[in-house]
Amino acid sequence: MIYKRSSALFAEAEKVIPGGVNSPVRAFKGVGGTPIFVKEAKGAYLYDEDGNRLIDYINSWGPMILGHAYEPVVNAVVEKAKKGTSFGMPTEIETKIAELAVSMVPNIDKIRFVNSGTEACMSAIRLARGFTGRDKIIKFAGCYHGHSDSFLIQAGSGASTFGTPNSPGVTQGTAKDTLLANYNDIKNVKALVEANKNEIACVIIEPVAGNMGCIPPKKDFLKALKELCESNNILLVFDEVMTGFRLAKGGAQELYRIDADIVCFGKVIGGGLPVGAFAARNEIMNHLAPLGPVYQAGTLSGNPLAMAAGLAMLTALNRDTDVFNRLADKTEYLHRGINKALIDNNITHTINRVGSMISVHFDEGEVYDFTTAAKGNNDTFKTFFHGMLNEGIYIAPSSFETWFLTDALSYEDLDFTITAVNKVAKSL
Ligand SMILES: *Cc1c(COP(=O)(O)O)cnc(C)c1O
């Protein structure tokens, strides 16, 4: 495939935007080459500036779960825009989407809308700290909760007690309040809780990890985490920015039948516009300003265009009782097909999948935490990525990213993809 115009556009962009992109993973640093500039998209397909068609397995990192330019969302946004795009005053549609979200998601009474997943997670831990009067939080290595300071902490050697920042600009002062645990390792979390008695406000987790490839929680891990939190008066925060309105109407809480204390949303909830949200029971949410003392605000929060897109998306997902099963079936079909193609070509791999989230790791053995995820062969992944791209298939440009399927994918698209994997595997 030819990417002449994309390359030229990228060169222009690099002059005025750092790295040519407004979010780092778009820059293809993990795989080499220059990013593809999108001209438009419809259903399961992206069309780039050079006229190539790509089957999209990223779907804007999740939001386009019903396909690109999904008509009910587009129409809702267009109609709203004609009536004004922002007021800085309350509008009825904010209540409508809040009512719908509260009806779909277990164990929440109130929800506050923000503009991104980052804001949602950042606000959720402030609320948890304000509610409990404690400072420390526990997060898991390899889990991503947006780019706010408290979360940009990763495990270095011996860093399981005090976090070390992994971005310049994050102060030691902030980092020391973020404790790191290993995903799927309840003993590790217990030890941290023991060592920091009555100091931990919350444990924040991606209930299905999606930012180190897709990593499912081991059987009873979330249940044990919930019990541990409960018996130590620690709030359990589910970051469902990826999993919310994707794995089930009620997200991972519904799928695993675990009630979290605070839940964060993003991605699907905005239908492709910038929306995040966090939600909890009344006793917790009532601590938030203007009802309570924990401050949180946003000039464009609850923006009418964003709410119109989100409401149209959630309405569609709520009405269609079969959509999550259909998505899971398609993903399972893809899983089997890719698995067979890689086995047939003797390529060492592990595939993880939950619902419509799937990732291929080029290594043998179970992938269940950050350490095992990091073992994947990145050179193989690079070759695989560019090979697939050449076949007209767009997967995430990093081996640490999950693929997100859209219901707009047909079984012909899936077969086309599996055939491509078979072909590309021969060059791995
Ligand atoms: C994408 C993501 C975020 C951050 O959301 P943004 O909208 O990019 O700020 C937070 N948590 C998880 C689990 C995510 O996948």
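Conventions used here
- Just so you know, the residues in each chain are numbered from 1, in the order the chain's sequence is written.
- Totals for whole chains, interfaces and linings use every residue, but because this is a predicted model, local features are given only for residues with pLDDT of at least 70 and side-chain atom pairs only at 80 or more, for both listing and counting.
- Excluded from the side-chain calculation are hydrogens and water; included are all heavy atoms of the structure.
- Only runs of H or I of at least four residues qualify as helices and only runs of E of at least two qualify as strands under DSSP, and these elements are numbered from the N terminus.
- Each radius of gyration reported is based on C-alpha atoms, and the globular scaling rule is 2.2 Å times the count of residues to the power 0.38.
- To sort residues, take the accessible area from a 1.4 Å probe on protein chains only and compare it with the maximum for the residue type: under 20% means buried, over 50% means exposed, and anything in between is partly exposed.
- Residue contacts follow a heavy-atom distance rule, with two residues in contact if any of their heavy atoms lie within 4.5 Å.
- Accessible surface is estimated by sampling points in the Shrake-Rupley manner with a 1.4 Å probe; for residues, cover comes only from the protein chains shown.
- Only four residue types enter the tally: Lys and Arg on the positive side, Asp and Glu on the negative side; His and the chain ends are excluded.
- Every charge is mapped onto a representative atom, which is NZ of Lys, CZ of Arg, CG of Asp or CD of Glu.
- Note: two strands are recorded as paired if DSSP finds a minimum of 2 bridges between them.
- When the strands point away from the viewer and the path from the first strand over the helix to the second turns clockwise, the crossover is right-handed.

Trainee: I would appreciate a short explanation of the overall build of the protein chain in the present structure.
Mentor: Of regular secondary structure, the protein chain possesses 14 helices and 16 strands. In terms of overall size, the protein chain behaves like a compact globule, its C-alpha atoms giving a radius of gyration of 21 Å where 428 residues would be expected to give roughly 22 Å. Over its C-alpha atoms, taken along the principal directions, the protein chain stretches across nearly 55 × 55 × 45 Å. Out of the 428 residues in the protein chain, the part that is buried amounts to 54%. In the protein chain, of all internal contacts separated by at least 6 residues, the share reaching a separation of at least 24 is 72%. A total accessible area of about 18,300 Å² is found for the protein chain, and carbon and sulfur atoms account for 52% of it. In the protein chain, 42 positive and 46 negative side-chain charges are present, and the distance between their average locations comes to 1 Å.

Trainee: Explain the pairing of strand S10 (residues 235–239) to me, please; I cannot follow it from the model alone.
Mentor: The side chains of a regular strand alternate, first on one face of the sheet and then on the other. Here S10 lies mainly inside the structure; 5 of its 5 residues are buried. Side chains Leu-235, Val-237 and Asp-239 project from S10 onto one buried face, and the interleaved Leu-236 and Phe-238 project onto a second face that is buried too. Bridge count for strand S9 (residues 200–205) against S10 is 4 bridges, and the pairing is parallel. By the bridge assignment for S10, Cys-202 is matched with Leu-235. Running through helix H7 (residues 221–231), the crossover from S9 to the neighbouring parallel element S10 is right-handed. Pairing between S10 and strand S11 (residues 262–265): 3 bridges, direction parallel. Across the sheet, residue Phe-238 finds its bridge partner in S11, namely Val-263. In this fold, the crossover linking S10 to S11 by way of helix H8 (residues 251–256) has right-handed handedness.

These figures capture arrangement, not role.
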